[in-house]
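Coordinates in review
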Amino acid sequence: MEASIMDGRGRRCGAVSGLTTVKNPISLARLVMDKSPHSYLAFSGAEDFARQHGVETVDNEYFITEDNKGMLKLAKEADSILFDYRIPSTAFETCGAASTESPIQMNGMPISVYAPETVGCVVADTEGRCAAATSTGGLMNKKVGRIGDSPLIGAGTYAGEVCGVSCTGEGEAIIRGTLARDVAAVMEYKGLKLQEAVDFVIKERLDEGKAGLIAVSSEGEVAYGFNCNGMFRGCATEDGFMEVGIWE
């Protein structure tokens with residue numbers, strides 16, 4: 001598992017990768033930001049740091065579910081990687097097209113076959129300070145040692161003076177496009193508003209990749225964008241307004 005967090009005030013950040021026993025990786029990322037001289041810790045070093053600071057750990061079996069074991073079996077049989085919301089049709093055919101228990105579908109498949117792994121959050125306070133955080137289990141059937149975009153500051157997570165951004169999707173595409181930082185960059189250098197900046201990077205920086213992001217500006221604007229069929233998302237304000245969505 002891997003995670004990162006960033007405080008736009010001063011651009012402080014913390015990130016972790018290669019975790020197998022830390023129950024809440026984002027909590028450890030925050031400790032790296034607040035309690036260490038570094039920005040990024042990984043694998044055994046990150047696990048050691050967690051124990052030193054009393055972070056809650058669990059046996060690795062805690063993270064294994066029957067659903068995900070089944071999804072991994074599909075991915076191995078199809079010799080493919082399963083993304084959060086874009087499963088190759090060959091993988092679905094392998095499991096049989098009889099899984100129609102849910103009337104809600106994405107990409108022509110029952111929503112129940114999806115196994116979302118990435119969780120992100122962006123926030124702005126009343127003083128216009130932004131923060132962002134992202135946590136993930138990564139890709140299904142990924143190579144051992146693979147690190148995605150979620151713990152990479154500027155790729156999967158970024159917060160600065162003008163906005164906070166968290167991304168999800170094909171990590172390799174997000175990394176190549178430095179997607180989260182690019183939203184802030186085009187706001188700073190092109191003078192775009194938040195939604196304009198989000199639309200620009202989704203259109204211009206992903207090439208053939210599939211991804212999405214959520215963002216908030218220092219002025220309190222909320223924006224999102226994706227170039228796939230849907231993205232699970234929600235927002236809330238201090239005055240009680242709440243909204244959730246999947247589709248465009």
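All figures in this text were calculated on a predicted structure; none of them were measured in a lab.

**Side note on the overall build of the protein chain**
Check the secondary structure of the protein chain and you find 7 helices and 13 strands. The buried share of the protein chain, taken over its 248 residues, is 46%. Nonlocal contacts in the protein chain, meaning residues at least 24 apart in sequence, comprise 54% of its contacts between residues at least 6 apart. Here the protein chain has roughly 12600 Å² of accessible surface; of this, 52% comes from carbon and sulfur atoms.

**Here we look at the UniProt feature "active site" (unreviewed entry) in the protein chain**
Here, the residues flagged by UniProt with the feature "active site" (unreviewed entry) are Thr118. Along the chain, Thr118 falls in the loop between β5 (109-110) and β6 (119-124). Polar contacts involving the side chain of Thr118 include one to the side chain of Thr136, which spans 3.0 Å.

**Structural notes on helix α1 (residues 25-35)**
Within α1, burial applies to Pro25, Leu28, Ala29, Leu31, Val32 and Met33. The secondary structure elements touched by the buried residues of α1 are β1 (2-7), β2 (12-17), β3 (40-42), α2 (43-52) and β7 (130-136).

**A closer look at the nonpolar core**
By size, the foremost hydrophobic cluster in this structure holds 33 residues, and its most contacted members are Val165, Val183 and Leu213. Looking at this core, the elements with two or more residues in it are β8 (157-159), β9 (163-169), α5 (171-176), α6 (179-190), α7 (194-204), β10 (211-217) and β11 (222-226). Among all residues touching Val183, those that are not within four sequence positions of it are Cys163, Val165, Leu194, Ala197, Val198, Val201 and Leu213. Counting residues in each nonpolar core, the second largest holds 16 residues, with Ala3, Val32, Ala46 and Phe49 among its members.

**Looking at helix α3 (residues 66-78)**
Its 13 residues place the ends of α3 19 Å apart at the C-alpha level, agreeing with the 18 Å of an ideal helix rising 1.5 Å per residue. Along α3, the positions that sit buried rather than exposed are Met71, Leu74 and Ala75. All buried residues of α3 lie within an arc of 95° about the axis, which places them on one face of the element. Away from its buried face by more than 90 degrees, α3 exposes Glu66, Lys73 and Lys76.

**Quick look at the environment of Ile175**
Tracing the backbone shows Ile175 in helix α5. Taking the C-alpha atoms as reference points, Ile175 and Gly156, separated by 19 residues in sequence, lie 7.3 Å from one another. Excluding residues within four positions of it along the chain, Ile175 makes contact with Ile147, Gly148, Asp149, Leu152 and Ala155.

**A few points about the sheet that holds β7**
The strand order across the open sheet built from 5 strands is β3-β2-β1-β7-β6, with neighbouring strands paired in mixed fashion. Each edge of the open sheet is held by one strand with a lone partner, namely β3 and β6. Sheet twist, expressed as the average angle between the axes of neighbouring strands with direction ignored, equals 5°. Alignment of β1 against β7, held across 6 bridges, turns out to be antiparallel. Counterpart to Met6 in the pairing with β7 is Ala132. Set on the sheet, α1 makes contact with β1, β2, β3 and β7; between it and β2 the angle comes to about 135°. Contacts between α2 and the sheet are confined to β2 and β3, with β3 contributing the most and set at about 105° to the helix.

**Observations concerning unusual backbone geometry**
In the Ramachandran plot, Arg11 falls in the positive-phi region, its phi being about 55° despite a non-glycine side chain. The partly exposed category is assigned to Arg11, whose relative accessible area is 40%. Of note in this structure, Thr178 is not a glycine but carries a positive phi near 35°. Take Thr178: it is sitting in the loop between α5 and α6. Its relative accessible area of 38% is what places Thr178 among the partly exposed residues.

Criteria and cut-off values
- Residues numbered from 1 in each chain as written.
- Predicted model: local features only at pLDDT ≥ 70, side-chain atom pairs only at ≥ 80, totals over all residues.
- Heavy atoms only, no water.
- Helix = DSSP H or I, 4+ residues; strand = E, 2+ residues; numbered from the N terminus.
- Buried < 20%, exposed > 50% of the residue type's maximum accessible area, 1.4 Å probe, protein only.
- Contact = heavy atoms within 4.5 Å.
- Areas by Shrake-Rupley, 256 points an atom, 1.4 Å probe, with all protein chains shown as cover.
- UniProt positions renumbered as here; feature names shortened; annotations may be inferred.
- Polar contact = N/O pair within 3.5 Å; in protein donor to acceptor, adjacent residues only side chain to side chain.
- Core = buried A, V, L, I, M, F, W, Y, C linked by side-chain atoms within 4.5 Å.
- Expected span 1.5 Å × (residues − 1).
- Arc of directions from axis to C-beta.
- Pairing = 2+ DSSP bridges.
- Axes fitted to C-alpha atoms, helices over the stretch in contact; angles between N-to-C directions.

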